[in-house]
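# Survey of secondary and tertiary structure
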Amino acid sequence: MQDLNIQMEEGETGGRAFIEERRELLAEMTYSKAGDSLIIIDHTDVAASMKGQGVGRLLLDVIVAMIRRQGKKIIPLCPYAKSVFDKDPSIRDVLQGS
């Protein structure tokens with residue numbers, strides 16, 4: 001897998017971690033803000049050419065690191081993000097209620 005440039009974008013009501021190459025969106029994980037201390041991960045999409053390479057997990061790791069720095073919590077409504085949290089206890093410290 002080539003070196004991936006994961007970018008972050010944040011607005012007033014939400015944000016995303018994404019990978020774009022030559023102006024083509026290859027992968028993204030989006031979230032909505034729920035108050036000042038909580039985000040809801042609501043969508044993950046990875047291009048067919050990148051599936052099975054762990055790209056979704058890389059996006060999630062970037063968001064988890066950001067949330068840890070900010071002292072916030074996550075609700076993973078996106079089925080992909082929820083499945084990763086269910087499988088990996090090392091990132092559950094950022095889940096709401098933990």
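Since this is a predicted model, take the numbers as computed values, not measurements. (Residues numbered from 1 in each chain as written. Predicted model: local features only at pLDDT ≥ 70, side-chain atom pairs only at ≥ 80, totals over all residues. Heavy atoms only, no water.)

### Considerations on helix α2 (residues 79–87)
As a reminder of what qualifies: Using a 1.4 Å probe on the protein chains alone, a residue whose accessible area is under 20% of its type maximum counts as buried, one over 50% counts as exposed, and one in between counts as partly exposed. Helix numbering and strand numbering both begin at the N terminus, where a helix is a DSSP run of H or I of at least 4 residues and a strand a DSSP run of E of at least 2. Within this analysis, the arc is defined by the directions that extend from the helix axis to the C-beta atoms. Residue contacts are counted whenever heavy atoms from the two residues lie within 4.5 Å of one another.
Listing the buried residues of α2 in full gives Ala81, Val84 and Phe85. The buried residues of α2 occupy an angular sector of 100° when projected down its axis, which confines them to one face. Exposed positions of α2 whose direction lies more than 90 degrees from the buried face are Pro79 and Lys87. Residues of α2 that are buried make contact with β4 (38–46), α1 (55–70) and β5 (73–76).

### Quick look at the nonpolar core
Put simply, the test is: Think of a nonpolar core as a cluster: buried Ala, Val, Leu, Ile, Met, Phe, Trp, Tyr and Cys residues, connected wherever their side-chain atoms sit within 4.5 Å.
Counting residues in each nonpolar core, the largest one holds 25 residues, and the members touching the most others are Ile41, Leu60, Ile63, Ile74 and Phe85. For this core, the secondary structure elements donating two or more residues are β2 (14–21), β3 (24–33), β4, α1 and α2. Top contributing element to this core by residue count: α1, with seven residues. What Leu60 contacts, discounting residues up to four positions off in sequence, is Met29, Ile41, Ala81, Val84, Phe85 and Ile91.

### Remarks on the side chain of Thr44
Among the secondary structure elements, Thr44 is positioned in strand β4. With a relative accessible area of 19%, Thr44 lands in the buried category.

### Some remarks on the sheet that holds β5
This is how it is decided: Strands are labelled as partners when DSSP assigns at least two bridges between them. For helices, the fitted line uses only the C-alpha atoms of the stretch in contact; every axis is such a line through C-alpha atoms, and the angle between N-to-C directions lies from 0 to 180 degrees.
The mixed open sheet is built from five strands, whose spatial order is β1-β2-β3-β4-β5. On the outer flanks of this sheet lie β1 (6–10) and β5, each paired with one strand and no other. Each adjacent strand pair in this sheet contributes to an overall mean axis angle of 25°, direction not counted. Strand direction decides the pairing type here: β3 and β4, joined by seven bridges, are antiparallel. When the sheet's bridge partners are listed, Tyr31 is paired in β4 with Ile41. Its contacts with the sheet place α1 against β1, β2, β3, β4 and β5, and it is angled at close to 35° to β3. Here α2 sits on the sheet and contacts β3, β4 and β5; the angle it forms with β5, its principal contact strand, is near 115°.

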